[in-house]
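Single-letter residue listing:
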Amino acid sequence: MNKDNVELICNIGELSGLFREKSDIRGFLYKVVKTVAAHMKADVCSIYLYDEFLDRLILEATEGLNPDLIGKLILSIGEGLVGSSMKELRPILEKRGRDNPSFKAVPGSLEEKYDAFLAVPILQDVSRIGVLVLQHSRPGYFNRNDMMALKAIASQLATTLENAKLLMGVNKKNNGVREQREISVIRGRSIVEGIGIGTVYVLEDQHNDRGKDFYKEICDSLGLEDFQTALKQTAEQLQNLQAEMEERLSDVASFIFSTHLLMLQDTSFIGFIEDEIRGGKGPCLAVIDRVEYFVGIFSQSENPRVIEKVQDIRDLGHRILRNLAMEDQNAGDYSGQLVIARELLPSELVKITAQHVEGFVLYSQGASAHIAVLAKSLDVPMMYTEDKNVFNLQTNIPVILDGIQGNLLVDPGSDTMEEFQKIHSSVSDWSDLENSVTDETFTRDGKKLSLLATINLLSDISTAVKVKAEGIGLYRSEFPFIIRNSFPSEEEQFLVYSKIFQRMSSDIITLRTLDIGGDKILSYMPDQKEDNPFLGLRAIRFLLQNKKIFVSQLKAMLRAGQGRSFRIMFPMISSLDDFLESKRMVEKSREFLLRDGFECKNMPQLGVMVELPSAIEMAGELAEEADFISIGSNDLVQYLLGVDRTNEKVSSFYEARHPAVLRSIARVVRAAAKADCPLSLCGNMASDRGMLYFLVGTGMTNFSLSPGLIPEIQHYLNSLNAEKAKVDAKILLSMKTLKEVDSYITEVLSRS
Ligand code: PEP
Ligand code: MG
């Protein structure tokens with residue numbers, strides 16, 4: 001059918017006529033999309049309305065997409081093409097929607113059938129009303145005339161839709177009155193996407209006066225028997241939890257609750273509290289006071305390992321109090337609570353997450369990169385904030401952690417809670433994309449690429465297997481070291497590495513030797529404080545100065561990998577000498593193993609991480625000598641640009657699109673190709689679509705990324721034209737300024 005003069009057909013009279021027909025508001029919206037789809041001869045017409053409070057777009061009507069998604073498909077501003085149209089306040093016209101890097105497939109929406117895409121924002125003066133979207137199965141179906149027509153329709157509809165939106169807001173929740181409450185928002189930065197709903201629990205403040213008042217009210221009337229019941233419950237829960245952790249997080253959570261369990265046997269702790277209760281003190285107060293007494297003693301210790309126990313004793317106190325105060329059998333954990341903390345140790349993060357916390361808000365000055373990495377692997381919603389008001393929040397006040405936008409909503413009321421529950425389930429629905437993942441990854445023009453998984457915890461491997469990762473491109477071996485409070489023995493390490501081989505059958509298993517130092521401090525190592533830790537005794541430098549630790553790790557890796565093909569790589573190599581010395585250490589470790597009667601037939605491939613400017617300079621020589629090279633993009637950007645990757649104040653200088661970064665990568669690619677040395681890239685750049693376009697253009701084919709991101713990145717790479725990316729990469733490499741690169745990448749990717 002011809003769609004000539006569409007702009008004349010859909011006149012305001014017809015649209016306002018719809019409003020006179022009797023129906024509810026959703027019914028009205030449906031008539032609108034049906035009418036517009038018919039006039040524009042589109043397969044799909046949808047209306048997304050903007051919810052100011054949620055700061056989200058919600059699909060409110062559709063002709064053509066799955067109607068089950070109405071009210072459930074919720075997009076952030078900037079998310080997908082629809083969200084981008086709202087964010088940038090401009091129409092988006094694509095021959096094929098999925099070719100645009102911002103495209104985000106919605107599982108179960110049926111939109112995979114449609115190629116052509118046209119979205120226009122609906123605005124009323126300066127306020128955002130929503131987005132009107134057309135789709136069609138024929139690529140390139142919509143043209144500029146259609147865009148003009150749809151813009152005209154959107155502006156005709158703006159007032160009506162604004163009214164509809166207001167009415168829907170009022171009518172929500174079975175015609176009840178939508179809450180008219182002031183909700184304060186604490187803003188921050190999202191670290192782990194996800195929604196956490198619960199009550200406030202400020203980690204460091206739990207036993208201050210506010211906490212005391214809270215518990216006093218609840219359990220003033222309780223006695224010794226209640227305390228003993230709570231103790232019994234606490235011990236049982238902790239034993240179960242410990243057993244569960246051995247199963248689920250054996251690499252980092254082995255004996256993680258042992259201090260708690262020991263304290264429960266300690267008469268100077270438990271016996272003292274019981275005496276106090278017998279003497280007439282309320283059990284809650286007796287627990288709080290004794291916990292604080294121990295906190296005082298532990299925190300004054302000279303020994304950092306004892307200081308770390310401060311949180312263990314508080315954690316134990318928290319559990320006993322919750323068991324005392326609540327009737328639920330399993331109430332001792334952090335379920336229904338959102339933890340706010342000034343500082344959080346990795347071991348605390350694991351412990352509290354294991355106890356079912358709903359999410360974390362961290363004061364950003366106490367936050368570090370490895371906490372973020374770990375939280376992502378544990379998949380617990382997290383945000384950082386610099387707003388100190390977060391510590392003034394009252395214990396137990398309801399909050400919502402919007403880990404997508406990076407906001408904490410304070411005392412939001414039940415309507416908003418429900419809205420966020422909906423968002424929560426729509427976020428989990430995205431995981432359906434996993435079902436569409438294919439064994440291999442090809443670009444649109446048939447270039448084979450490999451997507452490997454970056455593994456931080458053993459538990460990441462099941463996701464990697466589920467999303468069909470072709471192997472492990474990076475196993476960060478440091479977490480078992482960071483979370484324990486002493487060096488894991490060779491045997492313990494062997495058990496952890498063996499599990500990697502058991503769980504992943506691929507021939508590409510890349511184990512990285514210990515990368516500590518920088519912001520990854522081992523509390524049990526004395527004298528680790530340095531003025532410039534990122535320029536200090538980090539990664540391979542630490543290992544080359546602590547050869548016993550190096551050898552024990554290498555031996556564990558060699559033993560675990562017997563009978564399998566695998567790779568070991570060394571982080572932060574700054575010279576050929578570093579690498580040759582590391583290779584010698586592998587040979588030595590093998591000799592030790594043979595001497596001790598172990599079989600050591602197959603040797604791993606040995607690789608270099610290129611992360612330092614000196615390694616880029618020496619890439620040719622390193623490529624000649626190494627079995628493979630992996631570019632560590634996080635550190636490469638940090639060290640090349642001289643920007644601390646953990647320092648919020650300079651985060652705007654941390655720019656992967658800097659021409660120097662592009663040229664350095666191209667240099668390494670050339671050096672590796674010349675020496676016929678396999679090359680891959682790990683770090684955040686491997687999931688940054690703009691940079692991936694460039695990387696594919698340079699000829700790179702192997703990328704290691706967080707396994708959870710593999711489905712969407714594969715989807716994106718499937719839409720790329722590698723030949724075109726090659727031409728664009730050349731152009732990008734000729735550019736002189738960051739601004740040029742940035743706008744070229746943005747523009748080239750939004751072209752179809
Ligand atoms: C990197 O630097 O890109 C990398 C993968 O290593 P890490 O982030 O562990 O330093
Ligand atoms: Mg690194």
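What you see is a predicted model; the values in this text were computed from it and never measured.

A. Quick look at the overall build of the protein chain. Looking only at helices and strands, the protein chain features 29 helices and 23 strands. A compact globule built from 752 residues should have a C-alpha radius of gyration of about 27 Å, and the protein chain, at 29 Å, falls within 12% of that. With respect to the principal axes defined by its C-alpha atoms, the protein chain has extents near 85 × 75 × 40 Å. Counting contacts in the protein chain only where the partners sit at least 6 residues apart, residues at least 24 apart contribute 67% of the total. For the protein chain, the accessible area works out to roughly 31,600 Å², and carbon and sulfur atoms hold 49% of it. If you average the places of the 85 positive and of the 105 negative side-chain charges in the protein chain, the two averages end up 5 Å apart.

B. Structural view of the sheet that holds strand S13 (residues 398-402). Taken in spatial order, the eight strands of this open sheet run S7-S14-S13-S9-S10-S11-S12-S8, and their pairing is mixed. Among the strands making up the open sheet, the edge pair consists of strand S7 (184-187) and strand S8 (189-192). Here the strands of the sheet are splayed against their neighbours by 30 degrees on average, with no regard to which way each runs. Note that S8 and strand S12 (residues 382-385) share three bridges and pair antiparallel. Paired with serine 190 across the bridge in S12 is methionine 383.

C. Layout of the sheet that holds strand S6 (residues 127-136). Strand order in the open sheet formed by six strands is S3-S2-S1-S6-S5-S4, and the pairing between neighbours is antiparallel. The sheet terminates laterally at strand S3 (74-76) and strand S4 (92-94), the two strands that pair on one side only. Each neighbouring strand pair of the sheet contributes to a mean axis angle of 25 degrees, computed without reference to strand direction. By the bridge criterion, seven bridges tie strand S1 (residues 44-51) to strand S2 (residues 56-63) in an arrangement that is antiparallel. Along S2, the bridge assignment pairs tyrosine 50 with leucine 57. In the packing of helix H3 (residues 25-40) onto the sheet, contacts are made with S1, S2 and S6, and the angle to S2 comes to roughly 65 degrees. Those strands touched by helix H4 (residues 80-88) are S1, S2, S3, S4, strand S5 (116-124) and S6, and its axis lies near 35 degrees from that of S5.

D. Spatial organisation of the domain arrangement of the protein chain. Each assigned domain of the protein chain is listed here: domain 1 (5-181), domain 2 (189-427) and domain 3 (434-751). A separation of 43 Å is found between the C-alpha centroids of domain 1 and domain 3. Listed per partner, the contact involves eight residues of domain 1 and eight residues of domain 3. For the pair domain 1 and domain 3, the summed buried area comes to about 710 Å², and 48% of that belongs to carbon and sulfur atoms. At the surface where domain 1 touches domain 3, the tally comes to zero salt bridges. Classifying every residue of the side of domain 1 that touches domain 3 by side-chain character gives three nonpolar, one polar and four charged.

E. How the structure looks around the site of ligand 1. Surrounding ligand 1, one finds 14 residues, the nearest of these being Arg476, Arg512, Glu611, Asn634 and Arg645. In the environment of ligand 1, an oxygen atom lies 2.7 Å from a nitrogen or oxygen atom belonging to the side chain of arginine 476. Here an oxygen atom of ligand 1 and a side-chain polar atom of aspartate 635 are 3.0 Å apart. In isolation ligand 1 exposes 290 Å². Once the protein is present, 99% of that is buried. Element by element, the count of residues in the shell around ligand 1 is highest for helix H24 (residues 633-641), at three residues. Grouping the amino acids of the shell around ligand 1 by side-chain chemistry returns two nonpolar, four polar and eight charged.

F. Examining the coordination of the magnesium ion (ligand 2) more closely. Listed as protein donors to the magnesium ion (ligand 2) are Glu611 (OE) and Asp635 (OD); their distances from the metal cover 2.0 to 2.1 Å. Here the residue glutamate 611 occupies a position in the loop between strand S20 (605-610) and helix H22 (613-617), and aspartate 635 occupies one in helix H24, the gap between them amounting to 24 residues. Across the pair, aspartate 635 and glutamate 611 agree in class, each one buried.

G. The pattern of salt bridges, seen in detail. Enumeration according to the criterion identifies 33 salt bridges in this entry. Here the salt bridges do not stand alone but share partners, grouping Glu478, Arg512, Asp515, Lys520, Arg538, Asp635 and Arg645 into one network.

H. Looking closely at unusual backbone geometry. The phi torsion at leucine 89 lies on the positive side, around 50 degrees, for a residue other than glycine. On the secondary structure map, leucine 89 appears in the loop between H4 and S4. Judged by relative accessible area, leucine 89 falls into the partly exposed class, the value being 41%. The phi dihedral of methionine 572 is positive, around 60 degrees, even though this residue is not glycine. Under the relative-accessibility criterion, methionine 572 is labelled buried at 1%.

I. Main features of H24. Within H24, seven of the nine residues are buried, which leaves the element mostly enclosed by the surrounding structure. Taken as a whole, H24 has its buried residues at Ser633, Asn634, Asp635, Leu636, Val637, Gln638 and Tyr639. As for H24, its buried residues are in contact with strand S17 (472-476), S20, H22, strand S21 (628-632), helix H25 (659-674) and strand S22 (679-682). A positive backbone phi angle near 65 degrees is found at glycine 642, which sits one or two residues after H24.

J. How the structure looks around the environment of lysine 216. Along the chain, lysine 216 turns up in helix H6 (residues 209-219). Judged by its relative accessible area of 41%, lysine 216 is partly exposed. Between the C-alpha atoms of lysine 216 and glycine 282, which are 66 residues apart in sequence, the distance is 7.9 Å.

K. Geometry of the packing of helix H18 (residues 490-503) against helix H20 (residues 547-560). The interhelical angle for the contact between H18 and H20, taken along N-to-C directions, is 40 degrees, at an axis separation of 8 Å. In terms of crossing hand, the pair formed by H18 and H20 is right-handed. On H20, the residues touching Glu490, Glu491, Gln493, Phe494, Tyr497, Ser498 and Phe501 of H18 are Ser552, Gln553, Lys555, Ala556, Met557, Arg559 and Ala560. Partitioning the contact of H18 with H20 into residue classes produces six nonpolar, four polar and four charged.

L. The arrangement of helix H28 (residues 722-733) in detail. In a regular helix each residue adds 1.5 Å, so 12 residues correspond to 16 Å; H28 covers 16 Å between its end C-alpha atoms and thus fits that length. Inspection of H28 places Ala722, Ala725, Asp728, Ala729 and Leu732 among the buried residues, and these make up the whole buried set. An end-on view of H28 places all buried positions within 110 degrees of arc, on one side of the element. Along H28, the residues that are exposed and aim more than 90 degrees away from the buried face are Glu723, Val727 and Lys730. Its side-chain oxygen at 3.1 Å from the backbone nitrogen of glutamate 723, asparagine 721 defines the N-terminal cap of H28.

What counts, and at which threshold
- Residues numbered from 1 in each chain as written.
- Chains lettered and ligands numbered in written order.
- Predicted model: local features only at pLDDT ≥ 70, side-chain atom pairs only at ≥ 80, totals over all residues.
- Heavy atoms only, no water.
- Helix = DSSP H or I, 4+ residues; strand = E, 2+ residues; numbered from the N terminus.
- Rg over C-alpha atoms; globule rule 2.2 N^0.38 Å.
- Contact = heavy atoms within 4.5 Å.
- Areas by Shrake-Rupley, 256 points an atom, 1.4 Å probe, with all protein chains shown as cover.
- Lys, Arg positive; Asp, Glu negative; His and termini not counted.
- Charge placed at Lys NZ, Arg CZ, Asp CG, Glu CD.
- Pairing = 2+ DSSP bridges.
- Axes fitted to C-alpha atoms, helices over the stretch in contact; angles between N-to-C directions.
- Domains from an automatic or database assignment.
- Buried area = accessible area lost by both parts, 1.4 Å probe.
- Salt bridge = Lys/Arg side-chain N within 4 Å of Asp/Glu carboxyl O.
- Nonpolar A, V, L, I, M, F, W, Y, C, P; charged D, E, K, R; others polar.
- Near = heavy atom within 4 Å.
- Polar contact = N/O pair within 3.5 Å; in protein donor to acceptor, adjacent residues only side chain to side chain.
- Donors = N, O, S within 2.8 Å, 3.2 Å for Na, K, Ca; no water.
- Buried < 20%, exposed > 50% of the residue type's maximum accessible area, 1.4 Å probe, protein only.
- Left-handed = near helix turned anticlockwise from the far one by under 90°.
- Expected span 1.5 Å × (residues − 1).
- Arc of directions from axis to C-beta.

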